[in-house]
2 protein chains.
Amino acid sequence: MNKLLQCLMAVVMLAVHVSAWAADPLPSWNDGPSRRAIIAFVEATTRPGSPDFVPVDARIATFDNDGTLWAEQPVYFQLFFVVDRVRAMAPQHPEWTSIEPYRSVLAGDLEAALASGEKGITELMSVTHAGMSIDDFAAQVRAWSARARHPTTQRRFTGMTYLPMRELLAYLRAHGYTSYIVSGGGQEFMRPWAEQAYAIPPERIIGSHGELEYAHRDGAPVLLKRPKVAFVDDHSGKPIAIQRFIGRRPVFAFGNSDGDLEMLEWTTAGDGPRFAGIVHHTDGAREWAYDRASRIGTLDKALDAARTHGWTVVDMKAEWRSIYADK
Amino acid sequence: MNKLLQCLMAVVMLAVHVSAWAADPLPSWNDGPSRRAIIAFVEATTRPGSPDFVPVDARIATFDNDGTLWAEQPVYFQLFFVVDRVRAMAPQHPEWTSIEPYRSVLAGDLEAALASGEKGITELMSVTHAGMSIDDFAAQVRAWSARARHPTTQRRFTGMTYLPMRELLAYLRAHGYTSYIVSGGGQEFMRPWAEQAYAIPPERIIGSHGELEYAHRDGAPVLLKRPKVAFVDDHSGKPIAIQRFIGRRPVFAFGNSDGDLEMLEWTTAGDGPRFAGIVHHTDGAREWAYDRASRIGTLDKALDAARTHGWTVVDMKAEWRSIYADK
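Because the structure is a prediction, the values reported are computed rather than measured. Every residue gets a number counted from 1 within its own chain, in the order that chain's sequence is written. Just so you know, chain letters begin at A and ligand numbers begin at 1, following the order they were written in. The model is predicted, so local features are restricted to residues of pLDDT at least 70 and side-chain atom pairs to those at 80 or more, both for listing and for counting; the totals for chains, interfaces and linings are taken over all residues. Side-chain descriptors were evaluated using all non-hydrogen atoms of the structure, hydrogens and water having been removed beforehand.

1. So, the overall build of chain A
Heads up, the rule is: Helix and strand assignments come from DSSP, with helices taken as H or I runs of at least 4 residues and strands as E runs of at least 2, each series counted from the N terminus. Our radius of gyration looks at C-alpha atoms and nothing else; its globule reference is 2.2 Å times the residue count to the power 0.38. Buried means the residue's accessible area, taken with a 1.4 Å probe over protein chains only, is under 20% of the maximum for its type, while exposed means over 50%, and partly exposed covers the values in between.
From N to C terminus, chain A includes 13 helices and seven strands. The C-alpha atoms of chain A give 21 Å as radius of gyration, which agrees with the globular expectation for 327 residues (20 Å, within 12%). Along the longest, intermediate and shortest principal axes, the C-alpha atoms of chain A span 70 × 50 × 35 Å. Of all 327 residues assigned to chain A, the portion counted as buried reaches 54%.

Here's what the structure looks like:
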């Protein structure tokens, strides 16, 4: 029986292998240096007998989200959700029409709202991201992501996830890699839509998060979102979150901004083969072109580090055949 | 090709299924109410077409560790590690022979050391669990768990993991369940040995944890353990950690003390089939007998809740044929 099983399994594995070879795994990537570097790395770390072979359970990949897996201009998309919530809540708060930062948000002037600084942003986040159960919050995010559209592209926000990066996630998955999101964005904000967009389940979506409170309502336990930041998953918060949530150092990491520098540095400082990638926003026509001087997604020190260490920098304009998941 | 593949896969799946049926999956469990409840639940939630069928990705199980997966008397085993570290560090701290709680620890008087209260325990934890890199700490835990022995049983501590519970973990795994540890014990203390003991990888080991600091030593990044508690994974901390780390409500949970009550309550308050189990320490001859009055692993309110809600309470003496993983 065992012999028959082994034989059958071998045939199945061979067939799977052959069919994986047959199709182009990264059709939205032009045949440029980034595509070649990715494929060379994945093949070197997954081919049995390769000197750089990495066992399946160590094949951990971590991805930033804003600017790496989906767009982030003119502001992080989570802020559009905040605006949406402020508008929905405004009828219960008539005073908002005369006090900042609500007045600017309700007037659609995000620049002015952002000018209220950290205090204003924190207040907006508290009001819209706390005071309800985790289930109610997830339902609000789900409803928003199904309906809301980006002000300039008119696409759904989940349609502004990057097709080449979704292909990369699938390619890694097909080669035994386990991918995590490690994002400065809100963990509970990402989970309701990211599983479908990226095929990454909630337990592998790590982000900034607030305090939770365990309480009882009508005799049933609920988890309530409290208006207090518990953890900011950006800069050095990223390697810390990786250790806390995953407990292993990634061998493959992708980001796009200085907020990802520590994650890329931590990843590549490990022994053996390591891959660090940066999405460089160079396409002002199809997406946005920005780096060192941008307020959102500043890419300055990490760009220098990439050049020093030979990390892979994706020239979006030259290397991506398509940009968005929605055509 | 597709048809051939499908046919081969069907044969393989059938063979796997038949071989799973052939052997007793829980040989260390007597044919008692707990074993029957576990098997009935797992079959009902995994048999295709069952009205209680749960899809594979929702088959989340969470387990407490101390007193549920391994023993916890006369004190939580992590305290033996603390004692071991204090002894190892003592030559560099000659003053410890005259100040508490170090004097009692060095004299082997754990009762007196515990009498120093929360302040003393916190100081002992800080001194032994912080001030080094995560890699150095993991190496210390690994060395201790390979060498240290329990004062009364003389077994290795990992040998005092419960064989019936290890069988349960394997049985759940064979039925598509994904198990997590959700423990009041230290996350970084469990990870170095728990993967081998329970076949649960680090990313599924959740516990109390301290603050980390991202720093550079000799030009290389390091994660340093800081002497500050970040999260206590006990009581209501357990459902909070489950949401934060897993993002889904378990369908199956096991604990042994009042510290697990909220996790069991949160698990069973979900819709559809849910299982809550409690290890009741009733075997004073082979293990320890304790519940409501015990200082370690107090089982009082959770025992009442189990009776009210019909949770499964494992009578260790009557239902477990063997206790420890080490014979």
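2. Concerning the relation of the copies chain B and chain A
Using the following cut-off: Only residues with pLDDT of at least 70 in both copies contribute their C-alpha atoms to the least-squares superposition of the copies. In this description, contact between two residues means that some pair of their heavy atoms is separated by no more than 4.5 Å.
Least-squares fitting of chain B to chain A yields an RMSD of 0.0 Å, with the superposition described by an axial translation of 0.0 Å and a rotation of 180°. In the structure described here, the two chain copies are related by an operation that fits a two-fold rotation axis. Both copies share a contact surface, since 100% of the interface residues of chain B are interface residues in chain A too.

3. Some words on the interface of chain B and chain A
What counts here: Buried area: the accessible surface (1.4 Å probe) lost by two parts on joining, summed over both. When a carboxyl oxygen of Asp or Glu lies within 4 Å of a side-chain nitrogen of Lys or Arg, that pair is called a salt bridge.
The interface of chain B with chain A comprises 43 residues on the first partner and 43 residues on the second. Taken over both partners, the interface formed by chain B and chain A buries close to 3,500 Å², and the fraction arising from carbon and sulfur atoms is 64%. When the buried surface of chain B facing chain A is broken down by residue, Tyr 214, Gln 243 and Arg 244 of chain B rank first, second and third, together holding 20% of it. The interface formed by chain B and chain A holds four salt bridges in total. With a shortest N-O distance of 3.9 Å, Arg 244 of chain B and Glu 211 of chain A are connected by a salt bridge.

4. Section: the pairing of strand β1 (residues 60-63) of chain B
Residues and elements named next belong to chain B. What counts, and what does not: Paired strands, as defined in this entry, are two strands with at least two bridges between them according to DSSP.
Of the two faces of β1, the one lined by Ile 60 and Thr 62 and the one lined by Ala 61 and Phe 63 are each fully buried. Two elements, β1 and strand β2 (residues 178-186), share four bridges in a ladder whose sense is parallel. Paired with Ile 60 across the bridge in β2 is Thr 178. Here β1 runs beside strand β5 (residues 252-255); their pairing, made up of three bridges, is parallel. Looking at β5, one finds that Phe 63 is bridged to Phe 254.

5. With respect to the packing of aromatic side chains
The geometry of two aromatic rings is summed up by the distance between their centres and the angle between their planes. Residues and elements named next belong to chain A. Quick reminder of the rule: Note on ring pairs: Phe, Tyr and Trp rings are taken, using the six-membered ring of Trp, and paired if centres are within 6.5 Å. Classes follow the plane angle, with under 30 degrees stacked, over 60 edge-to-face and the rest tilted. Only lysine NZ and arginine CZ atoms are considered, and such an atom sits over a ring when it is within 6 Å of the ring centre and within 35 degrees of the ring normal.
Evaluated as defined, the whole model comprises 51 aromatic pairs over all chains. With a centroid separation of 6.3 Å and 70° between ring planes, the pair formed by Phe 189 and Trp 193 is classed as edge-to-face. Of this pair, Phe 189 and Trp 193 both sit in helix α9 (residues 187-198), four residues apart, which is roughly one turn of that helix. Trp 193 matches Phe 189 in its accessibility class, with the two residues each being buried. The structure contains a cluster of three or more aromatic residues connected by ring pairs, namely Trp 70, Phe 77, Phe 80, Phe 81, Phe 137, Trp 144, Phe 157, Phe 189, Trp 193 and Tyr 198. Across from the ring centre of Phe 137, 4.6 Å away, lies the NZ or CZ of Lys 225, which sits over that ring. Its guanidinium or amino end placed over the ring of Trp 266, Arg 249 lies 3.7 Å from that ring's centre, counting from NZ or CZ.

6. A look at the packing of helix α7 (residues 134-147) of chain A against α9 of chain A
Helices that pack against each other are described as a pair by the angle of their axes relative to one another and the distance between those axes. Residues and elements named next belong to chain A. Rules: A fitted line through C-alpha atoms serves as each axis, taken over the contacting stretch for helices, and the angle formed by two N-to-C directions is quoted from 0 to 180°. For this classification, under 35 degrees means roughly parallel, over 145 means roughly antiparallel, 65 to 115 means roughly perpendicular, and everything else is oblique. Each crossing gets its handedness from the near helix: less than a right angle anticlockwise from the far helix is left-handed, clockwise is right-handed. Residue classes follow a fixed rule: Ala, Val, Leu, Ile, Met, Phe, Trp, Tyr, Cys and Pro count as nonpolar, while Asp, Glu, Lys and Arg count as charged, and any other residue, Gly among them, counts as polar.
Interaxial distance between α7 and α9 falls to 9 Å at its minimum, and their mutual angle equals 55°. Viewed along their axes, α7 and α9 adopt a mutual orientation that is oblique. Note that α7 runs across α9; the crossing there is right-handed. Here Phe 137, Ala 138, Val 141, Arg 142, Trp 144 and Ser 145 of α7 come into contact with α9, specifically with Glu 188, Phe 189, Pro 192 and Trp 193. A class-by-class count of the residues in the contact of α7 with α9 yields seven nonpolar, one polar and two charged.

7. Notes on the environment of Tyr 171 of chain B
All names here are of chain B. Mapped onto the fold, Tyr 171 is located in helix α8 (residues 163-174). The class for Tyr 171 is buried, based on a relative accessible area of 5%. In this structure the C-alpha to C-alpha distance between Tyr 171 and Ile 38, which are 133 residues apart in sequence, comes to 9.9 Å. In contact with Tyr 171, other than residues within four places in its own chain, are Pro 25, Leu 26, Ile 38, Ile 39, Val 42 and Glu 43.

8. Details of the packing of helix α3 (residues 77-89) of chain B against helix α7 (residues 134-147) of chain B
All names here are of chain B. Contact geometry of α3 with α7 gives a least axis separation of 11 Å together with a crossing angle of 105°. One way to sum up the angle between α3 and α7 is to call them roughly perpendicular. The residues of α7 that touch α3, namely those facing Phe 77, Phe 80, Phe 81, Asp 84 and Arg 85, are Phe 137, Gln 140, Val 141, Trp 144 and Arg 147. In terms of residue class, the contact of α3 with α7 is made up of six nonpolar, one polar and three charged.

9. Side note on the nonpolar core
This is how the line gets drawn: What makes a nonpolar core is a set of buried Ala, Val, Leu, Ile, Met, Phe, Trp, Tyr and Cys residues whose side-chain atoms join them at distances within 4.5 Å.
Among the nonpolar cores identified, the biggest contains 63 residues, and Phe 63, Met 165, Leu 168, Tyr 198, Phe 252 and Phe 254 of chain A are the most heavily contacted of them. Per-element accounting of this core gives the leading share, eight residues, to helix α3 (residues 77-89) of chain A. One finds Trp 29, Ala 71, Tyr 102 and Phe 275 of chain B within the second-largest nonpolar core, a separate group that totals 62 residues.

10. Brief notes about the sheet that holds strand β1 (residues 60-63) of chain A
Residues and elements named next belong to chain A. Spatially, seven strands are ordered β4-β3-β2-β1-β5-β6-β7 in an open sheet, and the strand pairing comes out mixed. Only two strands of the sheet have a single neighbouring strand rather than two, namely β4 (220-231) and β7 (312-315). Geometrically, the sheet is characterised by an average inter-axis angle of 30° between neighbouring strands, direction not taken into account. The sheet contact formed by strand β3 (residues 205-217) and β4 spans eight bridges and is antiparallel.

11. Remarks on empty space enclosed by the protein
Residues and elements named next belong to chain B. Heads up, the condition is: Buriedness of a pocket was judged along seven lines, with at least five required to meet protein on both sides within 12 Å; pockets are open sets of points on a 1 Å grid over the protein atoms alone, cavities are sets where a 1.4 Å probe fits but cannot get out, and lining residues have an atom within 4 Å of a point. Grid points are joined across faces, edges and corners, and a volume is the space filled by probe spheres set on the points.
Here the structure, examined in full by the defined rule, presents three cavities of 30 Å³ or more. Volume-wise, the largest cavity comes out at about 40 Å³. Every residue lining the largest cavity is listed: Leu 79, Val 82, Val 83, Val 105, Leu 110, Ala 113, Leu 114, Ile 121 and Leu 124. Elements supplying a minimum of two residues to the lining of the largest cavity: α3, α5 (110-114) and α6 (117-129).

12. A word on the pattern of salt bridges
Tallied over the full model, the rule gives 26 salt bridges over all chains. Asp 31 of chain A is paired through a salt bridge with Arg 36 of chain A; the nearest N and O atoms lie 3.0 Å apart. Residues Asp 31 of chain A and Arg 36 of chain A agree in their burial class; the two are exposed. Linking Glu 188 of chain B and Arg 191 of chain B is a salt bridge whose minimum nitrogen-to-oxygen distance equals 3.7 Å. Linking Glu 188 of chain B with Arg 191 of chain B, this pair stays in helix α9 (residues 187-198), spanning three residues, or about one helical turn. Each of Asp 64, Lys 238 and Asp 260 of chain A takes part in a single network of salt bridges with overlapping partners.

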